[in-house]
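Here's the letter readout for the chains.
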Amino acid sequence: MASIRILLDKCVGCSLCVKACPFGAIHMSEGKAVIDMGKCTLCGSCVAACRFSAIELEKSAGPKKDLSAYKDVWVFCEQKKGVVQSISYELLGEGRKLADKLGVKLCAVLLGEGLDAVAESLGERGADKVYYVGHPALKAYQDDPYSEVLSRLVEEYKPEVLLCGATTIGRSLISRVAIKADAGLTADCTALDIDPKERLLLQTRPAFGGNIMATITAPNHRPQMATVRHKVMKEAPVEKGRKAEVVKKDYPAEAYASRTKLLEMVEELGATVNLSEADIIVAGGRGMGGKEGFALLEDLAKVLGGAVGASRSAVDADWISYAHQVGQTGKTVVPKIYFACGISGQIQHLIGMQSSKIIVAVNKDPEAPIFKVATYGIVGDVNEVVPAITREFKRVLNK
Amino acid sequence: MDYFLNEQQIMVRDLARRIAREKIAPVAAQYDESEEFAWPIMKVLAESDLFGIYIPEQYGGLGGGILDMCVVTEELSRACGAIALGYASSALGALPIMISGSEEQKKKYLPEIASGRKLAAFCLTEAGAGSDATAIQTTARKEGDSSSPGGGKYILNGTKQWITNAGEAEIYTVIAMTDKKKGVRGASAFIVEKGTKGMEFGKKEKKMGIRASATREVIFTDCEVPAANLISREGMGFIAALKTLDTSRPGVAAQAVGMAQGAFDHALNYARTRVQFGQPVTGFQAVQHMIADMGTQIEAARALTYAVARMVDSGAKSISRESAMAKLFASDMAMKVTTDAVQLMGGYGYMRDYPVEKFMRDAKITQIYEGTNQIQRNVIAANLIKESLQKD
Amino acid sequence: MNIIVCIKQVPNTTDVKIDPATNTLVRDGVESVINPFDAYAIEEAVRLKEKLGGKVTAVTMGPPQAEKALRDAIALGCDEGVLVSDRKFAGSDTWATSYTLSAAIEKIGDYGVIVCGKQASDGDTAQVGPGISAHLDIPQVTYVRKIRGINEKTAVVERMTEEGFDVVETPLPCLFTVVKEINTPRMPSIKGMMRAKSAKISKWTAADIDAEPAALGLDGSPTRVVKIFTPEPRKGGEIISGSAGDVAKELAELLKGEVV
């Protein structure tokens, strides 16, 4: 069983570990750190924080499995209505780097119906091999047939790495496959790398709403699975004419059985708010004052070709619908430009947008926390500044 | 300050505080603008069992007392006195039934009020009868007697003015004259349900403050009310009214304390961050003294209010003087503190973009309704003089 | 119908700050709360009970203080609480956590629906819900934003997608993970809070749930955390001053390259 202990001879009582522990499991007693085993979750934050190597986290070694049979980097290519989603190209782009570091093939996995041509095209995005399973039951995503087919592919061909998009489909699918394959799965990775000596996939992701970063591995289980969010990695470039080896697989009928039935697929106008996709977001908070304030933001968004976002305060006050909410209890967005208008910049909101490339803050309060993270800060009245920016961009963009 | 609330009171206070912070504060300004009745908030309060905290358990309540009601009213008022009034006024409407009603009337009406499914309202004031409540002109003429079907009925005629929750509430306790010749002993109390033929509501009044509270006339035109809806006996109307008001006055005081606290918190927060002459204005003694006075006055009013509420809950026979004192002190305090809160915030305090001017507009009514502070002073003086006589 | 709702107690991340001097988390007085997404799961589970009759059992895997989260869930309308707690669970990743919870659910026995929140605000993986349905081998529908109809045998629900939603029919028993669009969680009621105070919480250890020791805790977790570090804090940039017009001009100049 795993355990953790304080090496008392090394502990100097600096209490950095106390502050680092997200679960409040450490306190100081007579100048030394004491871990409350009832609260400790063995997360290891304290080990990282200790400057004196005074905390030892011991994991029982366990029998080392023979994992040599597992080879190749796989990317699950999500398709909707026969169109490959751009997240898949981003994963292929990243997958190429990983495959090269490991010296193995990059393989795309495609499930659907009548997608032979699509399967071929994946070669142009860097895939060396494409595993394609075509069947009517796979036309649109359903949990049972997709997880069954993917699990069978994994079991038969034994990839060492399997990447999947952190989309609604991706997350539902890959979590089930990870259980069936008895594999480790890390969600929402922001960085992936290889430790060539151990052939380990180093999976880095944020935790505690982005306040810490953790690097995770699955040393003793294969495949090593990870999901990555949209727009975090770069798309694989198109190499026209590049060919991949397409392996068409077919499975017995029971593999395609589905307990659930897909009755209808509905597209909603409101969903085109798709904040997660937007390159430019114009967001408003309590400082916008009301629905009229948001009309100003919509004008700016229109001119810039962006989407409108909102802080929780604005949504709670009913000035705009929840679909536009950005933040800890809303959406996480990574646009090129994020305008934060009348938003104070509380951590719950920052969590949802701090990875934006450029943040422009407009707020009448010079002490607002948003200015600490904004690339460009403007202290002023949103009702004057926002229309002025709209007019100026209209002029500059000749609209 | 620790008021040694019991476990249920602490639970109730924390829940009310959470509702105030999460549900009421974000929408207070909006309701003030639109003057709409905050039904969604009433629904949240109902689902949390808060409407019944002072109603006995056998009628679906939580069996707490007036102190519990004051604690809730104060917490809600810290976010918005107008929305809190929808809640507190329902208690005012329910009290005549709780204090003087028959077992059947309590069984019939209190559970509905305790669950928050129906709101209540109290109808006493008329155009010609404000401070002089005994000058009411609304009549209730008896028709039939105990041998008639249903024991007979009363026909109500008259107009009640400035009734809080009128039009929104479903249960109304109405004071009307059954025998003009008997003067003070000629009034009776009735329960009238919304939708009774002959009962109508006037337009919603436009007020200086507590705009989200619904204030309307209640107009009775040959309105027939079953005899079973007479509370207690004929002639007990003003006694029922006085007992009701004595019991509910700590609630008005609590509303005033809550509003003063809410305004004070905003102003203090602002003063800490407002920098002038190179320092936060809380560094100046002039401001510090204002803060000290405001804080002390709020605490004193709260302490008096809670002490009186405890007295009411203990079943004390005579509570008029103390109840009047709590209301008088708290409401005068609230007017002063909310005015000072605006002052502390300077220009920003005057702007409608900031919440404090609303607290000042809202606080004024507490000096006027449920007996003006001039009447309260009369009552207090009369009681003090009487007590002094008795001591000799 | 017996309904099970899985909840998690998490640190209130809204209170978590970074100490600029040491670049580590500051957790003074950070309280533990029910994972915000689970509030929607609890509300939906309670609504299902109100509609179909039956009872709601809240389950959580956590340290002893997670009992408070179960009592909070009871105050919100759940009927019973089960705390699965054991030192042996420490260090669980989502594989081990979903295994442990599924073992506890099997011990609870009969159920029609298991409801989970979409993800937990500390780990943010959204993996445990689907993991549970995989261990139990029951159908799942994730990202449920509305339950259109449900009876003892079948449910028809709306599953949220990036473009809108899918309408999915599923047999029972099944597992749902729900999103915020599905409902507005109620406030606790006083009667609920009083019931929660005196409610009996079942406390189960690893032995009670017949779990395989090798599948628990850190040993049962395929993934390992090898490093924890604080990200480069985002630094503030420049303040642009001037009149609204001047500010707009300067900003447009700075950004026009990014705006196609």
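Residues numbered from 1 in each chain as written. Chains lettered and ligands numbered in written order. Predicted model: local features only at pLDDT ≥ 70, side-chain atom pairs only at ≥ 80, totals over all residues. Heavy atoms only, no water.

**Re the overall build of chain C**
A count of helical and extended segments in chain C gives six helices and 15 strands. Projected onto its principal axes, the C-alpha coordinates of chain C cover approximately 65 × 45 × 40 Å. A buried classification covers 59% of the 260 residues belonging to chain C. Pairs at least 24 residues apart make up 69% of the contacts formed inside chain C by residues separated by at least 6 positions. Taken as a whole, chain C presents about 9,900 Å² of accessible surface, with 50% of it coming from carbon and sulfur. (Helix = DSSP H or I, 4+ residues; strand = E, 2+ residues; numbered from the N terminus. Buried < 20%, exposed > 50% of the residue type's maximum accessible area, 1.4 Å probe, protein only. Contact = heavy atoms within 4.5 Å. Areas by Shrake-Rupley, 256 points an atom, 1.4 Å probe, with all protein chains shown as cover.)

**Notes on the interface of chain A and chain C**
If you look at the interface, chain A gives 105 residues, while chain C gives 91 residues. Together chain A and chain C conceal approximately 8,600 Å² of surface at their shared face, both sides included; 58% is due to carbon and sulfur atoms. Among the residues of chain A in contact with chain C, A:Ile179, A:Arg259 and A:Tyr376 are the three that bury the most area, contributing 8% of the side total. Among the ionic pairs, C:Arg159 bridges to A:Asp143, the shortest N-O distance being 3.9 Å. Taken together, chain A and chain C are joined by 20 residue pairs in polar contact (both at pLDDT 80 or more). When its residues are assigned to classes, the side of chain A that touches chain C shows 53 nonpolar, 32 polar and 20 charged. Bridge count between strand E17 (residues 261-267) of chain A and strand E11 (residues 164-171) of chain C: six bridges; the pairing is antiparallel. Directly across from A:Leu262, in E11(C), lies its bridge partner C:Val168. (Buried area = accessible area lost by both parts, 1.4 Å probe. Salt bridge = Lys/Arg side-chain N within 4 Å of Asp/Glu carboxyl O. Polar contact = N/O pair within 3.5 Å; in protein donor to acceptor, adjacent residues only side chain to side chain. Nonpolar A, V, L, I, M, F, W, Y, C, P; charged D, E, K, R; others polar. Pairing = 2+ DSSP bridges.)

**Comments concerning the packing of aromatic side chains**
Evaluation of the coordinates by the stated rule reveals 15 aromatic pairs over all chains. Between A:Tyr131 and A:Tyr157, the ring centres sit 4.6 Å apart and the planes meet at 45°, which makes this aromatic pair tilted. Taken together, the positions of A:Tyr131 in strand E9 (residues 129-134) and A:Tyr157 in helix H5 (residues 143-157) put the pair 26 residues apart, joining distant regions of the chain. Its relative accessible area of 2% is what places A:Tyr131 among the buried residues. In this structure A:Tyr157 comes out as partly exposed when scored by relative accessible area, which is 27%. Through a chain of ring-to-ring contacts, the aromatic side chains of A:Trp74, A:Tyr131 and A:Tyr157 assemble into a single cluster. Cation over ring: A:Arg125 sits above A:Tyr89, and NZ or CZ is 3.7 Å from the ring centre. Cation over ring: B:Lys358 sits above B:Phe359, and NZ or CZ is 5.9 Å from the ring centre. (Phe/Tyr/Trp six-rings, centres within 6.5 Å; stacked < 30°, edge-to-face > 60°. Lys NZ or Arg CZ within 6 Å of the ring centre and 35° of its normal.)

**So, the pattern of salt bridges**
Pairing is possible between side chains of opposite charge, provided their charged atoms come close. Residue and element names in this part refer to chain B. Applying the stated criterion across every chain yields a total of 66 salt bridges over all chains. Residue Arg18 is joined to Glu22 by a salt bridge in which the shortest nitrogen-to-oxygen separation is 3.1 Å. With Arg18 and Glu22 both in helix H1 (residues 7-24), this residue pair falls four residues apart, about one helical turn. Arg302 is the partner of Glu299 in a salt bridge, and the nearest nitrogen-oxygen pair spans 3.2 Å. Here the residue Glu299 and the residue Arg302 both occupy positions in helix H8 (residues 285-313), the gap between them amounting to three residues, near one helical turn.

**Structural notes on the interface of chain C and chain B**
Opposite the twelve residues of chain C that make contact, chain B presents 16 residues. The largest contributions to the chain C side of the interface with chain B come from C:Met187, C:Ile190 and C:Lys191, which together make up 53% of the buried area. The partner of C:Lys197 in a salt bridge is B:Glu7, with the nearest N and O atoms 2.3 Å apart. Summed over the shared surface of chain C and chain B, the number is six residue pairs in polar contact (both at pLDDT 80 or more). Residue composition of the side of chain C that touches chain B, grouped by class: six nonpolar, three polar and three charged.

**Describing the domain arrangement of chain A**
Domain parsing of chain A yields domain 1 (3-58), domain 2 (67-256) and domain 3 (275-396). Its C-alpha centre places domain 1 of chain A at a distance of 40 Å from the equivalent point of domain 3 of chain A. (Domains from an automatic or database assignment.)

**Description of the packing of helix H7 (residues 237-273) of chain B against H8(B)**
For any two helices packed against each other, one specifies the inter-axial angle together with the distance between the axes. Residue and element names in this part refer to chain B. Two elements in contact, H7 and H8, have axes separated by 9 Å at closest approach and are oriented at 155°. With respect to their mutual orientation, H7 and H8 come out roughly antiparallel. For H7 against H8, the interelement crossing comes out left-handed. Of H8, the residues touching H7 (which contributes Thr247, Pro250, Ala253, Ala254, Val257, Ala260, Gln261, Phe264 and Leu268) are Ile291, Met294, Gly295, Ile298, Ala301, Arg302, Thr305, Val308, Ala309 and Val312. Residue composition of the contact of H7 with H8, by class: 14 nonpolar, four polar and one charged. (Axes fitted to C-alpha atoms, helices over the stretch in contact; angles between N-to-C directions. Parallel < 35°, antiparallel > 145°, perpendicular 65-115°, else oblique. Left-handed = near helix turned anticlockwise from the far one by under 90°.)

**A short note on the pairing of strand E12 (residues 174-178) of chain C**
All names here are of chain C. Of all five residues that make up E12, five are buried, and the element is covered over most of its length. Burial along E12 is two-sided: the residues Cys174, Phe176 and Val178 and Leu175 and Thr177 are all buried. When strand E9 (residues 140-150) meets E12, the two strands line up parallel, connected through three bridges. Paired with Val144 across the strands is Val178, a residue of E12.

**Details of the side chain of A:Arg222**
All names here are of chain A. Considering the arrangement of structural elements, one finds Arg222 in the loop between strand E14 (212-217) and strand E15 (224-228). For the buried residue Arg222, which engages in no salt bridge, the nearest side chain bearing the opposite charge is Glu160, 5.2 Å off. Separated by 3.5 Å, the side chain of Arg222 and the backbone oxygen of Arg199 make a polar contact. A distance of 3.0 Å separates a polar atom in the side chain of Arg222 from the backbone oxygen of Ala218. Once you skip the residues sitting within four places of it in the chain, Arg222 turns out to touch Leu67, Tyr70, Glu160, Ala181, Ala183, Glu198, Arg199 and Leu200. (Lys, Arg positive; Asp, Glu negative; His and termini not counted.)

**As for the side chain of A:Gln203**
Residue and element names in this part refer to chain A. One can find Gln203 in strand E13 (residues 200-207). Gln203 sits in the buried class, given a relative accessible area of 1%. There is a polar contact of 2.5 Å between the side chain of Gln203 and the side chain of Thr186. Among the polar contacts listed, one links the side chain of Gln203 to the backbone oxygen of Leu201, at a separation of 3.2 Å. Excluding residues that lie within four positions of it along the chain, Gln203 makes contacts with Thr186, Cys189, Ala191, Leu192, Ala214, Thr215, Ile216, Thr217, Ala218, Gln224, Met225 and Ala226.

**Overview of the packing of helix H5 (residues 81-100) of chain B against H7(B)**
Residue and element names in this part refer to chain B. It is at 9 Å that the axes of H5 and H7 come closest, and there the two elements cross at 160°. Put simply, H5 runs roughly antiparallel to H7. Judged by the twist between their axes, the crossing of H5 over H7 is right-handed. Counted together, Gly81, Leu85, Leu92, Leu95, Pro96, Ile99 and Ser100 of H5 and Ala240, Lys243, Thr244, Leu245, Thr247, Ser248, Gln255 and Met259 of H7 form the full contact between these two elements. Split by residue class, the contact of H5 with H7 holds eight nonpolar, six polar and one charged.

**Describing the environment of A:Ile6**
Residues and elements named next belong to chain A. Relative to the helices and strands, Ile6 is located in strand E1 (residues 3-6). Overall, the relative accessible area of 14% leaves Ile6 in the buried class. If near-sequence neighbours (up to four positions away) are discounted, Ile6 is found in contact with Cys11, Ala33, Ile35, Ala54 and Ile55.

**A short note on the sheet that holds strand E22 (residues 376-379) of chain A**
Sheets are built from strands that pair by backbone hydrogen bonding, the pairs being arranged parallel or antiparallel. Strand order in the open sheet formed by six strands is E19(A)-E18(A)-E20(A)-E21(A)-E22(A)-E15(C), with parallel pairing between adjacent strands. At either end of the open sheet lies a strand with only one pairing partner, and these are strand E19 (307-310) of chain A together with strand E15 (238-239) of chain C. Both strand E20 (residues 337-341) of chain A and strand E21 (residues 358-363) of chain A contribute to a ladder of five bridges, which runs parallel. For A:Ala340, the partnering residue across the bridge sits in E21(A) and is A:Ala361. Contacts between helix H6 (residues 244-255) of chain C and the sheet are confined to E20, E21 and E22 of chain A together with E15 of chain C, with E22(A) contributing the most and set at about 170° to the helix.

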